[in-house]
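# Architecture at a glance
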Number of protein chains: 2
Amino acid sequence: MATTAPPNPAPAPKRARRGSGAVTLHDVARLAAVAPITASRALNTPEQVSPEVRQRVTEAVAALGYVRNHQAGALASARSRLVAAVVPTLSGPVFGPMLQALTEALAERGYQLMLGQSGYVDSREDALLDAIIGRRPDGIVLTGVERSPEARRLLLASGIPVVETWDLTPAPLDLLVGFSHADVGHAVAQFLVQRGRRQLAVVAGDDERSRRRERAFCQAAAEAGLPAVRVIRVPAPTTLKRGRQALCQLCESGPAVEAVFCSSDLLALGVLTEAQARGLAVPAALAVVGFGDQDFAADLNPALSSVRIDGQAMGRQAAQFVVDRAEGRDIPERVVDLGFSLIERGST
Amino acid sequence: MATTAPPNPAPAPKRARRGSGAVTLHDVARLAAVAPITASRALNTPEQVSPEVRQRVTEAVAALGYVRNHQAGALASARSRLVAAVVPTLSGPVFGPMLQALTEALAERGYQLMLGQSGYVDSREDALLDAIIGRRPDGIVLTGVERSPEARRLLLASGIPVVETWDLTPAPLDLLVGFSHADVGHAVAQFLVQRGRRQLAVVAGDDERSRRRERAFCQAAAEAGLPAVRVIRVPAPTTLKRGRQALCQLCESGPAVEAVFCSSDLLALGVLTEAQARGLAVPAALAVVGFGDQDFAADLNPALSSVRIDGQAMGRQAAQFVVDRAEGRDIPERVVDLGFSLIERGST
DNA sequence: GTGAAAGCGCTAACAC
DNA sequence: GTGTTAGCGCTTTCAC
């Protein structure tokens with residue numbers, strides 16, 4: 001067979017092959033002796049395929065060690081089964097529970113999370129959104145409701161379902177799950193007033209949502225006829241140290257402060273720590289309320305009163321929204337107010 | 001020209017179109033009056049294209065509001081610019097700083113993070129890995145070095161660069177950045193011995209890495225001729241409450257404990273809190289050492305001694321590894337030991 | 001520096 | 001239930 005040049009050589013490929021050399025669905029189909037599309041159906045919609053074929057395909061997959069290529073599937077079907085989430089930051093405890101629940105709820109339904117961090121700067125969010133939309137996720141989960149005009153334009157033009165979280169607004173981009181920060185501020189102020197505290201203070205992060213809680217808190221205090229609330233703004237991230245420093249500042253000026261509302265439990269722990277270091281009795285002389293109800297709040301000594309936000313429920317609801325949209329289900333209620341609860345403990 | 005039926009009508013499409021209707025690179029190319037491949041080059045490798053063409057393409061992109069489709073690009077080029085990371089859990093403070101730095105370092109280089117949570121169960125990791133590999137990321141960042149045989153097989157067969165983190169091993173799958181948990185346990189024990197403590201205890205999470213620190217700690221204590229270390233294992237996640245409970249248990253049995261090494265700062269804060277509640281003087285009667293050096297450790301009262309791990313450096317190094325591999329650069333050192341530092345503060 | 005052709009690996013649409 | 005065909009939107013290869 002090697003004496004002369006073969007008369008009909010296999011036509012030489014005109015160009016080099018490109019493939020990664022990996023096992024493809026075509027290989028599986030060939031081994032199972034079916035058409036590629038049938039192999040595809042056997043994997044994606046097994047009920048559309050006869051049991052024998054299903055079996056043969058399953059065996060071929062195992063024999064070849066085939067792992068599906070979702071990228072190719074996504075391109076062909078225009079469904080990536082990827083969902084993007086954007087949070088300000090991952091260091092810090094705030095968004096962990098939401099992301100955890102979101103990731104899990106998505107994974108259960110066959111979706112994967114893509115994560116981005118916007119920092120607390122608009123321009124970063126815009127660039128990130130561009131990178132994200134370029135990947136054609138089936139949904140985008142965003143933190144907060146404040147967007148640059150450019151971001152709104154990009155999101156709307158993309159046609160991708162968007163879920164805003166951690167806040168409420170009368171004009172959501174699309175879907176929304178959150179709670180009212182103004183109501184939180186109001187509720188905490190009223191609570192402290194009812195407990196007879198008059199010299200109130202706020203230690204707040206400098207992000208928009210903290211400021212909304214702070215403003216509502218001050219307003220409610222004013223409506224109750226209290227002296228002006230003293231406000232200390234601390235830069236992100238809010239830490240124990242900033243809490244200690246804030247209480248120092250409060251102690252050095254004006255009449256003795258009787259209650260502090262902190263925009264995170266870590267800040268509150270700082271206030272508690274500094275109070276202890278100064279021999280200031282909590283709650284007798286000073287009441288402290290945190291925000292977030294981190295798992296450590298309940299077991300501090302004294303236990304910390306805090307505003308509980310159900311981050312996990314927020315994550316699950318966001319996942320539900322996105323998946324419902326991606327799978328074409330009707331969504332009657334596009335806004336979910338998760339509310340909050342003020343948990344009273346030893347620190348008040 | 002419009003008097004009769006055109007002799008050569010555009011051939012009617014034989015089937016319905018599928019496209020999403022979105023603007024594609026072809027549209028951009030047409031508007032810029034160049035071939036699609038030229039438009040592609042103008043966006044990806046602008047230096048390969050004349051300034052005029054670059055300009056026309058840029059204008060066309062802006063005019064049409066074009067957003068590139070990375071999925072299609074990934075399929076054609078076999079480079080997704082997606083990197084997967086798998087952590088046990090997102091709730092809890094441990095992996096935040098690493099993920100934050102990883103995400104940022106990747107974003108700077110044009111890569112996007114895909115996130116998965118394995119829980120602390122092997123089978124979940126296997127399923128997750130399958131979902132991840134199906135998305136063809138350019139790299140996979142994993143937590144720890146213990147994998148099921150199935151996971152190893154999948155990863156190796158995929159040919160995707162893998163970075164293991166948060167640990168060391170003589171037999172990494174591929175790339176590795178971490179530190180020695182045994183060395184940590186050893187160092188903390190020695191430190192306490194030198195401070196004259198003899199009745200030692202460990203409060204450890206029940207994950208593999210905590211147990212390795214614990215074992216080395218016990219061994220070092222034994223070598224120093226100390227009485228047996230009392231060990232309390234707590235289930236994940238490690239919380240303040242578990243720390244309080246652990247100290248209660250320790251106080252109820254045996255001789256008075258003189259030093260506790262906790263496998264997280266939150267556990268240590270629990271021990272500190274319970275000690276305070278019981279009137280146990282820290283550090284006079286009881287020394288406490290944490291792990292992780294969360295940002296609150298330094299500002300507690302007393303300040304908490306802890307083992308500092310540079311999670312951000314770990315994230316940056318992992319990003320560097322993955323990107324170097326994805327871009328075909330040579331990697332001379334495939335293992336990076338980041339070490340740790342034992343930070344002495346008021347609690348010891 | 002620019003372009004034509006040929007896929008990447010998969011699935012929607014339409015037949016049978 | 002199964003197969004044929006024709007792409008999804010991009011980039012590789014090769015040619016000028």
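Here the structure is a predicted model, which is why all the values come from computation and not from measurement. Just so you know, the residues in each chain are numbered from 1, in the order the chain's sequence is written. To read the labels, note that chains go from A and ligands from 1, taken in the order they are written. The predicted origin of the model limits local features to residues at a pLDDT of at least 70 and limits the giving and counting of side-chain atom pairs to 80 or more, whereas totals for whole chains, interfaces and linings rest on all residues. Only heavy atoms go into the side-chain values, all of them from the structure, while hydrogens and water stay out.

## Topic: the interface of chain B and chain A
A common measure of how large an interface is: the accessible area buried when the components associate. As a reminder, the rule being used: What makes two residues a contact is simply this: any of their non-hydrogen atoms within 4.5 Å. Computed with a 1.4 Å rolling probe, the buried area is the accessible surface lost when two parts are put together, summed over both parts. The salt bridge definition used is simple: a Lys or Arg side-chain nitrogen within 4 Å of an Asp or Glu carboxyl oxygen.
Taken together, the contact between chain B and chain A spans 53 residues of the former and 54 residues of the latter. Here chain B packs against chain A, burying approximately 4,700 Å² in sum over the two surfaces, 54% of which is carbon and sulfur. On the chain B side of the contact with chain A, Q71, Q112 and R135 of chain B bury the most area, a combined 16% of that side's loss. Remark: the boundary between chain B and chain A carries two salt bridges.

## Notes on the sheet that holds strand β9 (residues 287-292) of chain B
All names here are of chain B. To keep things clear, this is the line we draw: In this analysis, strands are considered paired if DSSP registers two or more bridges between them. Here a strand is any run of E in DSSP of at least two residues, a helix any run of H or I of at least four, and the numbering for each starts at the N terminus. Whenever a helix is involved, its axis is fitted only over the stretch in contact; in every case the axis is a line through C-alpha atoms, and angles between N-to-C directions fall within 0 to 180 degrees.
Spatial ordering of the open sheet is given by β7-β6-β8-β9-β10-β12, a layout of six strands whose pairing is mixed. At either margin of the open sheet sits one strand with a lone partner, and together these are β7 (230-234) and β12 (341-343). Going from strand to strand, the sheet's axes swing by 15° on average, the running direction of each strand aside. Where strand β8 (residues 259-262) and β9 come together, three bridges link them in parallel fashion.

## Topic: the relation of the copies chain B and chain A
We apply this condition: In superposing the copies, a least-squares fit is computed on C-alpha atoms, taking residues whose pLDDT is at least 70 in both.
You can overlay chain B on chain A at an RMSD of 0.0 Å; the transform is a turn of 180° with a shift of 0.0 Å along its axis. The transformation relating the two chain copies, once decomposed into turn and shift, fits a two-fold axis. Residue M114 of chain B, judged by its C-alpha, is the member of chain B lying nearest the rotation axis, at 2.1 Å. In this assembly, 100% of the residues forming the interface of chain B have copies in chain A that are likewise at the interface, indicating an isologous arrangement.

## A few points about the nonpolar core
For clarity, the threshold we go by: Only buried Ala, Val, Leu, Ile, Met, Phe, Trp, Tyr and Cys residues count toward a nonpolar core, and they belong to the same one when joined by side-chain atoms within 4.5 Å. Residue exposure (1.4 Å probe, protein chains only): buried if accessible area is under 20% of the type maximum, exposed if over 50%, otherwise partly exposed.
Ranked by size, the top nonpolar core spans 95 residues in total, and within it L99 of chain A together with L99 of chain B carry the most contacts. In terms of residue count, the dominant contributor to this core is helix α12 (residues 311-326) of chain B (seven residues). Counting residues in each nonpolar core, the second largest holds 50 residues, with V203 and V282 of chain A together with I232 and L267 of chain B among its members.

## Some details on the pattern of salt bridges
Tallied over the entire structure, the rule returns 35 salt bridges over all chains. In this structure, E104 of chain B and R124 of chain A form a salt bridge, with 3.9 Å as the shortest nitrogen-oxygen distance. Here E104 of chain B, found in helix α5 (residues 96-108), pairs with R124 of chain A, found in helix α6 (residues 122-133), and the two come from separate chains. The exposure class assigned to R124 of chain A is partly exposed, which follows from its relative accessible area of 35%. For the salt bridge of R212 of chain B with E146 of chain B, the shortest nitrogen-to-oxygen distance reads 4.0 Å. With R212 of chain B in helix α9 (residues 208-223) and E146 of chain B in the loop between β3 (139-143) and α7 (149-158), the pair connects residues that are 66 residues apart, well separated along the chain. Residue classification places E146 of chain B among the partly exposed residues on the basis of a relative accessible area of 47%.

## As for unusual backbone geometry
Working note: non-glycine residues mostly have negative phi, and peptide bonds are mostly trans. Residue and element names in this part refer to chain A. The peptide bond linking V282 to P283 adopts the cis configuration, its omega dihedral lying at 10°. Positionally, P283 belongs in the loop between α11 (265-278) and β9 (287-291). N301 connects to P302 through a cis peptide bond whose omega is 0°. You can see P302 is positioned in the loop between β9 and β10 (305-308). Phi is positive for A33, which is not a glycine, with a value near 60°. Tracing the backbone through its elements, the reader meets A33 in the loop between α1 (25-32) and α2 (36-44).

## Examining the environment of V121 of chain B
Within the element layout of this structure, V121 of chain B appears in the loop between β2 (112-117) and α6 (122-133). V121 of chain B sits 161 residues away from V282 of chain B along the chain, and the two C-alpha atoms are 37 Å apart.

## Here we look at the confidence of the model for chain A
Our working definition: The predictor attaches a confidence to each residue, called pLDDT, with possible values from 0 through 100.
Across chain A, the average pLDDT comes to 93, with 94% of residues at 70 or higher. Scored below 50 in pLDDT, residues 1-14 of chain A shows zero contacts in the model against residues more than four places distant or in partner chains.

## Comments concerning the environment of R308 of chain A
Residues and elements named next belong to chain A. Mapping R308 onto the fold places it in strand β10. On the basis of relative accessibility, which here comes to 34%, the residue R308 falls in the partly exposed class. Considered as a pair, R308 and L155 are 153 residues apart in the sequence and their alpha carbons are 31 Å apart. Not counting residues within four places of it along the chain, the set of residues in contact with R308 comprises D293, F340, S341 and I343.

## Section: the packing of aromatic side chains
For clarity, the threshold we go by: The rule is short: rings of Phe, Tyr and Trp, with Trp giving its six-membered ring, pair when the centres are within 6.5 Å, and they are stacked under 30 degrees, edge-to-face over 60, tilted in between. For a Lys NZ or an Arg CZ to count as sitting over a ring, it must be within 6 Å of the ring centre and within 35 degrees of the ring normal.
Across all of its chains, the model carries eight aromatic pairs over all chains by this definition. An angle of 75° between the planes, with centres 6.0 Å apart, marks the rings of W166 of chain A and F179 of chain A as edge-to-face. Separated by 13 residues along the polypeptide, W166 of chain A in the loop between β4 (162-165) and β5 (175-178) and F179 of chain A in the loop between β5 and α8 (181-194) bring together distant segments of the chain. Taken together, F95, W166, F179 and F291 of chain A form an aromatic cluster joined through their ring pairs. Directly above the aromatic system of F291 of chain A lies the positively charged group of R213 of chain A, at a separation of 3.7 Å from the ring centroid. One residue, R81 of chain B, lies across the ring of Y111 of chain B, its end atom 4.9 Å from the ring centre.

## Notes on the packing of helix α10 (residues 240-252) of chain A against α11 of chain A
Residues and elements named next belong to chain A. Basically, it comes down to this: An angle counts as roughly parallel when it lies under 35 degrees, as roughly antiparallel when it exceeds 145, as roughly perpendicular when it falls between 65 and 115, and as oblique in every other case. Take the far helix as the reference: if the near one is turned anticlockwise from it by less than a right angle, the crossing is left-handed, and if turned clockwise, right-handed. When residues are sorted by character, Ala, Val, Leu, Ile, Met, Phe, Trp, Tyr, Cys and Pro go into the nonpolar class, Asp, Glu, Lys and Arg into the charged class, and all the rest, Gly among them, into the polar class.
Two numbers describe how α10 lies on α11: the axes approach to 6 Å, and their chain directions differ by 55°. Considering their axes alone, α10 and α11 lie oblique with respect to each other. Between α10 and α11 the crossing geometry is right-handed. On α11, the residues touching L240, R242, G243, R244, L247, C248, C251 and E252 of α10 are L266, L267, L269, G270, V271, T273, E274, A275, A277 and R278. Its residues assigned to classes, the contact of α10 with α11 shows ten nonpolar, three polar and five charged.

## Structural notes on α12 of chain B
Residue and element names in this part refer to chain B. We count it as follows: Multiplying 1.5 Å by the residue count of a helix minus one yields the expected span of that helix.
Its 16 residues place the ends of α12 23 Å apart at the C-alpha level, agreeing with the 22 Å of an ideal helix rising 1.5 Å per residue. Where α12 is concerned, the buried positions are G311, A313, M314, G315, A318, A319, F321, V322, V323, D324 and A326. On its buried face, α12 is in contact with β1 (82-87), α5, β3, β4 (162-165), β5 (175-178) and β11 (335-337). Trailing α12 by a residue or two, G328 shows a phi angle of about 75°, which is positive.

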